[in-house]
Structures are given as structure tokens and as C-alpha cells.
Amino acid sequence: KLQQDIEEKAKKAQAALESGEIEEAVKLVSGARSMLKSSAYDLDQDKQKEWKTSFEKVDELNKSLGEIDELLKQASQAPSTVKRQLEMKQLNINESKNEYKPILSKLVVALDEVEKLEREQMLAALRKELDKAEKTYADGQVEEAVRAADQVQTKMAASEKLLDKDLQARVAKLRRNGE
């Protein structure tokens, strides 16, 4: 009976994995492991090896989800680095297996979050440069201010994600005033 119960939990965990429910699979595996630990019975060794392999797969996938969460915590300090690490994880996943779909979905969301953060940080840096250029203009150093505004414009033009109407308007104003 105990072996049947463990087998049932292992099968349900596998089904949960295949339907993308990693958290449910983790719960089922935890229950099956508790049953195994508390067992005083001699269970089939081949079945135990089979369960162990199945349980390790659940652990691996759960660990991958945790790693994504940890990377996201680091994103504000180094978004480009985190983005590369997430992209590498994405490349290393076998997309054809259903059990990986939750990880792929989480990676897509995580990459989107990191890209937004990266964009905001880059725009903040450009705003700071433009603030400095405007101060330089106010201090009467018109040519230097226009050069700085041109540099900001060049950086924005280099990446579509950095196009910002407010910054573009500020750059245009500085350039007009410098003429």
C-alpha cells in the first residue's frame, strides 16, 4: 500500500510537471519523500531509483525557478549582466518539453522586466547628461552645451529603446538656443 501511495504521488508529480505546475509537483514530491523517510518497509529498489530520478527532475526545475528569482533581485545593480544570464538560461532550455514551459514563461517575464529596468537606467543617465548640458548652457558655455546635447542625441539614436520624446524636445531646444 505504501509503495502504491508513493507511486501515485510520483505519477501525479510527473503529470503536474508536464502541465507546467511545478509548485504542485514540488508539494507532491515532498509528500512522497516524507512517506519514504518514515517507511520501515523494504520497498522495491528499482522503484526507489525511478522515484529518485523523477524527484531530482522536480528539484532541478524548482531550483531553476529560484535562480531566476535571485537574478531578478540583482537586476537593479547590473541589468545588462542579469539580462545576459537570463538569455543564456533561455538558450539552454529544451523548449519542446512541457515541463520547461513555466521556466520559459518566467524567463520571458523576467527578461521583459530587466529590459525595462535597463531602459529606465539608461534614460536616467541621459537625463543627467542633459541636465548637465542645460546647466552648462545657463553658465554661458553655449558651444559646449550644444556638443553635449548632440552626444545625448547620438546615444538616443543608437538604440530605438532610448527614444524619448521629452529628451528629444530638450535636446532640440538646446540646439535651437545654441544657434
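Higher on the page you've got the structure.
Undergrad: So what exactly am I meant to see when it comes to the overall build of the protein here?
TA: Assigned secondary structure in the protein consists of seven helices and zero strands. Counting only C-alpha atoms, the protein reaches 90 × 30 × 20 Å along its principal axes. Considering the protein as a whole, with its 179 residues, one finds that 31% of them fall into the buried category. Contacts in the protein between residues at least 24 apart in sequence constitute 66% of all its contacts with a sequence separation of at least 6. Split by element, the accessible area of the protein, about 11400 Å² in all, is 48% carbon and sulfur. The averaged location of the 36 negative side-chain charges in the protein is 2 Å from the averaged location of its 33 positive side-chain charges.

Undergrad: Is there a simple way to explain the side chain of Asp164 in this structure?
TA: Here Asp164 is to be found in the loop between helix 6 (142–158) and helix 7 (165–178). Exposure remark for Asp164: the relative accessible area of 14% places this residue in the buried category. Here the side chain of Asp164 touches Asp166 through a polar contact of 3.3 Å, landing on its backbone nitrogen. Leave out the neighbours within four places in its chain, and Asp164 touches Leu123, Arg127 and Met156.

Undergrad: Got a minute to help me understand the pattern of salt bridges in this structure?
TA: Here the idea is simple: oppositely charged side chains can pair when their charged atoms come close. Under the defined criterion, the tally for this structure stands at 22 salt bridges. Across the salt bridge formed by Lys12 and Glu8, the nearest N and O atoms sit 3.1 Å from each other. Placement of both Lys12 and Glu8 in helix 1 (residues 2–18) is noted, with a separation of four residues, approximately one turn of the helix. Since its relative accessible area comes to 42%, Glu8 is described here as partly exposed. Asp59 serves as the salt-bridge partner of Arg33, at 2.5 Å between the closest nitrogen and oxygen. With Arg33 in helix 2 (residues 22–38) and Asp59 in helix 3 (residues 45–74), this residue pair connects regions lying 26 residues apart in the sequence. For Asp59, a relative accessible area of 34% gives the class partly exposed. Through salt bridges with shared partners, a single ionic network connects Glu7, Lys11, Lys47 and Glu50.

Undergrad: Before we go on, may I ask you to explain the side chain of Lys57 in this structure?
TA: Within the secondary structure layout, Lys57 lies in helix 3. Residue Lys57 is classed as buried on the basis of its relative accessible area, which comes to 19%. Side-chain polar atoms of Lys57 contact the side chain of Tyr100, separated by 2.4 Å. In this structure Lys57 touches Leu17, Glu99 and Tyr100, once residues within four positions along its chain are discounted.

What counts, and where the lines are drawn
Residues numbered from 1 in each chain as written. Predicted model: local features only at pLDDT ≥ 70, side-chain atom pairs only at ≥ 80, totals over all residues. Heavy atoms only, no water. Helix = DSSP H or I, 4+ residues; strand = E, 2+ residues; numbered from the N terminus. Buried < 20%, exposed > 50% of the residue type's maximum accessible area, 1.4 Å probe, protein only. Contact = heavy atoms within 4.5 Å. Areas by Shrake-Rupley, 256 points an atom, 1.4 Å probe, with all protein chains shown as cover. Lys, Arg positive; Asp, Glu negative; His and termini not counted. Charge placed at Lys NZ, Arg CZ, Asp CG, Glu CD. Polar contact = N/O pair within 3.5 Å; in protein donor to acceptor, adjacent residues only side chain to side chain. Salt bridge = Lys/Arg side-chain N within 4 Å of Asp/Glu carboxyl O.

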